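Below, each chain spelled out in residue letters.
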Amino acid sequence: MRLGFHVSISGGFSLAVRRAYEIGCRTMQIFSRNPRGWTVKPLDPADIAEFKRLREEWDIGPVFVHTNYLINLASAKPDLYQRSIEQFVIDLERTEHLGAEYLVTHLGSASGKEPGWMIERVAKALNAAQKLHPPKAMILLENTAGEAGDVGYELGQVRQVIDGIDNTSRIGVCYDTCHGFAAGYDIRTKKDVDGLAKEIDATVGKSRLKGIHLNDCLKDFGSRVDRHWHLGEGKIGDDGFRAFLNHPFFREVPMIMETPKETEEDDPRNMKKAKSLLK
Ligand code: ZN
Ligand code: MN
Ligand code: MN
């Protein structure tokens, strides 16, 4: 089983993989650049080579890259929509230069628009992006909490986006447990986890599920509020994560924790918790 964290790239990608190794990651997630700005620094070939060498040496993989937060593939604003497609392609190219396997993206939002409109918009954006840059890395669509008009809070919506994509050979799904819980997918009991597994299989299909974002949820079930929390310390709790982590449907899927990092002890504590719940 592969467990890991989202780690900072401050100081370079080779430093990111060192951070991951130190906290016991067997898989990891990073941004390819500052996630809250449009500016992009060129990749440093020596840093990339060292990143690749270390992850190979320490057997850390797969590597997930998360897209920039400003990208909105459902935007109703023509300028932002076009820019989002271009910036998505930049993230995709950087993912591939890093030798990372997956690029995780949210589906986006458009205020005042129906989900159907946004779904079509996202599928079109992904078609345009794949035309500009036929992907080698796999693009993973992440379910959302449904906060602030985000589309993708129902697995059926994620499926509809996939249905609108011309070439789906490099399209997969990343399931976030906090987002799902906030959007109404319960995992607090074994029966709930069974239900979620069935739902994922019936909508996007088991074969597309390539990654899990393993996050507890600070806010209530169905709250639609996206606040990640420490494993077992939120509303999902120990029993929920025990059921989830040991479920055959999810067990073999690489899992990334995007839990808060307020102190140096947070990541080691969350890793310890995840391992302690594994049977
Ligand atoms: Zn995300
Ligand atoms: Mn996530
Ligand atoms: Mn989130």
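Residues numbered from 1 in each chain as written. Chains lettered and ligands numbered in written order. Predicted model: local features only at pLDDT ≥ 70, side-chain atom pairs only at ≥ 80, totals over all residues. Heavy atoms only, no water.

## Re the coordination of the manganese ion (ligand 3)
H179 (NE2), D226 (OD), D226 (OD) and H228 (NE2) make up the full set of protein donors to the manganese ion (ligand 3), lying at 2.1 to 2.7 Å. As a motif over one chain, the donors of the manganese ion (ligand 3) read H-x46-D-x1-H. (Donors = N, O, S within 2.8 Å, 3.2 Å for Na, K, Ca; no water.)

## Quick notes on helix 3 (residues 78–97)
Counted at 1.5 Å a residue, the expected span for helix 3 with its 20 residues is 28 Å, and the 29 Å between its end C-alpha atoms agrees. In this fold, the buried residues of helix 3 make contact with strand 3 (63–66), strand 4 (102–105), helix 4 (115–132) and strand 5 (138–142). (Helix = DSSP H or I, 4+ residues; strand = E, 2+ residues; numbered from the N terminus. Expected span 1.5 Å × (residues − 1). Contact = heavy atoms within 4.5 Å.)

## Quick word on the coordination of the manganese ion (ligand 2)
Taken together, the protein donors to the manganese ion (ligand 2) comprise E142 (OE), D176 (OD), H213 (ND1) and E258 (OE), at separations of 2.1 to 2.2 Å. A separation of 3.3 Å is found between the manganese ion (ligand 2) and the zinc ion (ligand 1), which are bridged by E142. Within this pair, whereas E142 is found in strand 5, its partner D176 is found in strand 6 (residues 171–176), the two being separated by 34 residues in sequence. Accessibility classification places E142 together with D176 in one group, the buried group. (Buried < 20%, exposed > 50% of the residue type's maximum accessible area, 1.4 Å probe, protein only.)

## Here's the deal with the sheet that holds strand 3
The strand order around the closed barrel formed by eight strands is 1-2-3-4-5-6-7-10, and the pairing between neighbours is parallel. Shown here is a sheet whose adjacent strand axes are inclined to one another by a mean of 30°, direction ignored. Where strand 1 (residues 3–6) meets strand 10 (residues 255–257), three bridges bridge the pair, whose relative direction is parallel. Considered in strand 10, the bridge of F5 is made with M257. With respect to the sheet, helix 3 is in contact with strand 3, strand 4 and strand 5, its orientation differing from that of strand 4 by roughly 150°. (Pairing = 2+ DSSP bridges. Axes fitted to C-alpha atoms, helices over the stretch in contact; angles between N-to-C directions.)

## Brief notes about the packing of helix 4 against helix 5 (residues 155–163)
Between helix 4 and helix 5, the shortest axis-to-axis distance is 8 Å and the interhelical angle comes to 40°. It follows from the interaxial angle that helix 4 and helix 5 lie oblique. In this structure, helix 4 meets helix 5 at a crossing whose hand is right-handed. Counting all contacts with helix 4, which are made through P115, I119, V122, A123 and L126, the residues of helix 5 involved are Q157, Q160 and V161. Classifying every residue of the contact of helix 4 with helix 5 gives six nonpolar, two polar and no charged. (Parallel < 35°, antiparallel > 145°, perpendicular 65-115°, else oblique. Left-handed = near helix turned anticlockwise from the far one by under 90°. Nonpolar A, V, L, I, M, F, W, Y, C, P; charged D, E, K, R; others polar.)

## Considerations on the packing of aromatic side chains
Tallying each qualifying case throughout the model produces seven aromatic pairs. On the basis of an interplanar angle of 75° and a centroid distance of 5.3 Å, the ring pair of F31 and Y69 is categorised as edge-to-face. Here Y69 lies in the loop between strand 3 and helix 3 and F31 lies in strand 2 (residues 27–31), a separation of 38 residues in the sequence. By relative accessible area, F31 is classed as buried at 13%. (Phe/Tyr/Trp six-rings, centres within 6.5 Å; stacked < 30°, edge-to-face > 60°.)

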